[in-house]
Amino acid sequence: MMKNKKYMSTKFEVSGRVQGVFFRKHTKAKAEELGLTGWCRNTPHGTVEGEYEYVSEEQPSSSSSSNERREEKRHWGAEAFRHWLCNVGSPRSQIDRCSFSEMVVSNSPRFEKFRVVR
């Protein structure tokens, strides 16, 4: 049976002391650790913005429990990344606010890896 892959992406912006404290470097490392793709960059108004993407595979009704666990991990990774962006950040950062766009669903991936845009 075929799996139906969907690619879920969300834009984010983080405010506070997030520039000059290696926030982008740590954001990239956290995204890679969690299996996410996308990008991040500094903005002229002192924030860090970006977008992350993950794959969601819709399983046929007879899916195995290991496939279900893999899907739960993917979703958990996106939630863990959101938590990290809003509450943890890089060691020297201070996060005052974070915001996210609505999730966009696509049939094909938009990113191959997570990168820092300069």
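Data block above holds the structure.
Residues numbered from 1 in each chain as written. Predicted model: local features only at pLDDT ≥ 70, side-chain atom pairs only at ≥ 80, totals over all residues. Heavy atoms only, no water.

A. Fine view of the side chain of Glu 51. The topology assignment puts Glu 51 in strand β3 (residues 48–58). A distance of 2.5 Å separates polar atoms of two side chains, one belonging to Glu 51 and the other to Arg 110. Setting aside its immediate chain neighbours within four residues, Glu 51 contacts Ser 9, Thr 10, Lys 11, Phe 12, Thr 37, Gly 38, Trp 39, Arg 110, Phe 111 and Phe 114. (Helix = DSSP H or I, 4+ residues; strand = E, 2+ residues; numbered from the N terminus. Polar contact = N/O pair within 3.5 Å; in protein donor to acceptor, adjacent residues only side chain to side chain. Contact = heavy atoms within 4.5 Å.)

B. Just helix α1 (residues 23–33), in detail. Restricting attention to buried positions, one finds in α1 the residues Phe 23, Arg 24, Thr 27, Lys 30 and Ala 31. Taken around the axis of α1, the buried residues stretch over an arc of 125°, which confines them to a single face. Residues of α1 that are exposed and point over 90 degrees away from its buried face: Lys 25 and Glu 33. Looking one or two residues past α1, Gly 35 carries a phi angle of roughly 75°, positive in sign. (Buried < 20%, exposed > 50% of the residue type's maximum accessible area, 1.4 Å probe, protein only. Arc of directions from axis to C-beta.)

C. Spotlight on the environment of Phe 23. Looking at where Phe 23 falls in the secondary structure, it is placed in helix α1. Using a relative accessible area of 1% as the deciding quantity, one classes Phe 23 as buried. In this structure the C-alpha to C-alpha distance between Phe 23 and Ser 93, which are 70 residues apart in sequence, comes to 6.7 Å. Beyond its immediate sequence surroundings of up to four residues, Phe 23 is in contact with Val 14, Val 18, Val 48, Trp 84, Leu 85, Gly 89, Ser 90, Ser 93 and Ile 95.

Note that every value here comes from positions in space, so none of it alone points to a role or purpose.
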